[in-house]
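Residue strings, one per chain:
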Amino acid sequence: MLIALISDIHDHEMHLIEALREADKCGCRHLLCMGDLSGLNTLRLLRDIWPHPIDLVFGNNEDDRKSHLSLASGMRDLHHHGTEGDLSLGGRRIFITHHMEDAAHAVEKQLYDAVFFGHTHVQEQLMIRRTLVANPGEICGNRCPAGFAVYNTDTNEVAMRRL
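Residues numbered from 1 in each chain as written. Predicted model: local features only at pLDDT ≥ 70, side-chain atom pairs only at ≥ 80, totals over all residues. Heavy atoms only, no water.

By the naming in an unreviewed UniProt entry, the chain goes by Metallophosphatase family protein and is assigned to Candidatus Akkermansia intestinigallinarum.

This is the structure in structure tokens:
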């Protein structure tokens, strides 16, 4: 199973649309978002554009979290996990969060095949013992080149993509 990984959108709708179209075209059938969508319109756009299931968590830039949760609760195929998500997809146990510190705590537990985070805006990946740890970078393209990642549950590998 191929899963699109995004983070740090910061309301940059054009890059979001481009990333989602590219991820769908390359065969991704699920989306994990590690936060910092920012506004409610970005959440609406995400659901309107992406035709497959979505799991997401808060970043540190969703100011009105209550409204985000309320809007997300009425959306089809979208599950908002709050600040951390523990899920099983494609036979893999996956943890998603926004902050690197929370990702590090999840890795220490040795329960997950993959741990994904955002916040730093930098694309990176490494293996810590048997756990893949990755940050898909930023969609917004403010600090680093805009990009996302594709996670393959069959191989437990991530391919970084640039827009």
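Peer 1: Please give an account of the overall build of the chain that cites residues and values.
Peer 2: Assigned secondary structure in the chain consists of four helices and 11 strands. Its C-alpha atoms give the chain a radius of gyration of 14 Å, within 12% of the compact-globule value 15 Å for 163 residues. Referenced to the eigenvectors of the C-alpha coordinate spread, the extents of the chain come out at roughly 40 × 30 × 30 Å. The buried share of the chain, taken over its 163 residues, is 51%. For the chain, contacts bridging at least 24 residues in sequence account for 57% of all contacts bridging at least 6. A total accessible area of about 7100 Å² is found for the chain, and carbon and sulfur atoms account for 48% of it. Computed over 16 positive and 23 negative side-chain charges, the separation of the two mean positions in the chain equals 4 Å. (Helix = DSSP H or I, 4+ residues; strand = E, 2+ residues; numbered from the N terminus. Rg over C-alpha atoms; globule rule 2.2 N^0.38 Å. Buried < 20%, exposed > 50% of the residue type's maximum accessible area, 1.4 Å probe, protein only. Contact = heavy atoms within 4.5 Å. Areas by Shrake-Rupley, 256 points an atom, 1.4 Å probe, with all protein chains shown as cover. Lys, Arg positive; Asp, Glu negative; His and termini not counted. Charge placed at Lys NZ, Arg CZ, Asp CG, Glu CD.)

Peer 1: Pulling in residues and values, what's your account of the packing of aromatic side chains?
Peer 2: Within the structure shown, the criterion is met by two aromatic pairs. Ring geometry for Phe95 against Tyr112: centres 5.3 Å apart, planes inclined by 55 degrees, an arrangement best described as tilted. With a gap of 17 residues between them, Phe95 in strand E6 (residues 92-97) and Tyr112 in the loop between helix H4 (100-108) and strand E7 (114-116) connect regions that are remote in the sequence. Assessed through its relative accessible area of 4%, Tyr112 is described here as buried. (Phe/Tyr/Trp six-rings, centres within 6.5 Å; stacked < 30°, edge-to-face > 60°.)

Peer 1: I'd like a rundown of the side chain of Gln123, residues and numbers included.
Peer 2: Within the secondary structure layout, Gln123 lies in strand E8 (residues 123-128). A polar contact is formed between the side chain of Gln123 and the backbone oxygen of Phe148, at a distance of 3.2 Å. A polar contact is formed between the side chain of Gln123 and the backbone oxygen of Arg161, at a distance of 2.9 Å. Among all residues touching Gln123, those that are not within four sequence positions of it are Asn135, Pro136, Gly137, Gly147, Phe148, Met160, Arg161 and Arg162. (Polar contact = N/O pair within 3.5 Å; in protein donor to acceptor, adjacent residues only side chain to side chain.)

Peer 1: If you had to explain unusual backbone geometry to someone new, which residues and values would you point to?
Peer 2: Even without being glycine, His10 reaches a positive phi, approximately 50 degrees. Along the chain, the position of His10 falls in the loop between strand E1 (2-6) and helix H1 (13-25). At His119, a residue that is not glycine, the phi angle is positive and equals roughly 75 degrees. Considering the arrangement of structural elements, one finds His119 in the loop between E7 and E8.

Peer 1: Could you give an account of the pattern of salt bridges, naming the residues involved and the relevant values?
Peer 2: Following the criterion strictly, the structure yields four salt bridges and no others. Between Asp24 and Arg29 there is a salt bridge whose closest N-O contact spans 3.0 Å. Judged by its relative accessible area of 26%, Asp24 falls in the partly exposed class. You can call Arg29 partly exposed: its relative accessible area is 39%. A salt bridge links Asp86 to Arg93, with the shortest nitrogen-to-oxygen separation between them at 2.7 Å. (Salt bridge = Lys/Arg side-chain N within 4 Å of Asp/Glu carboxyl O.)

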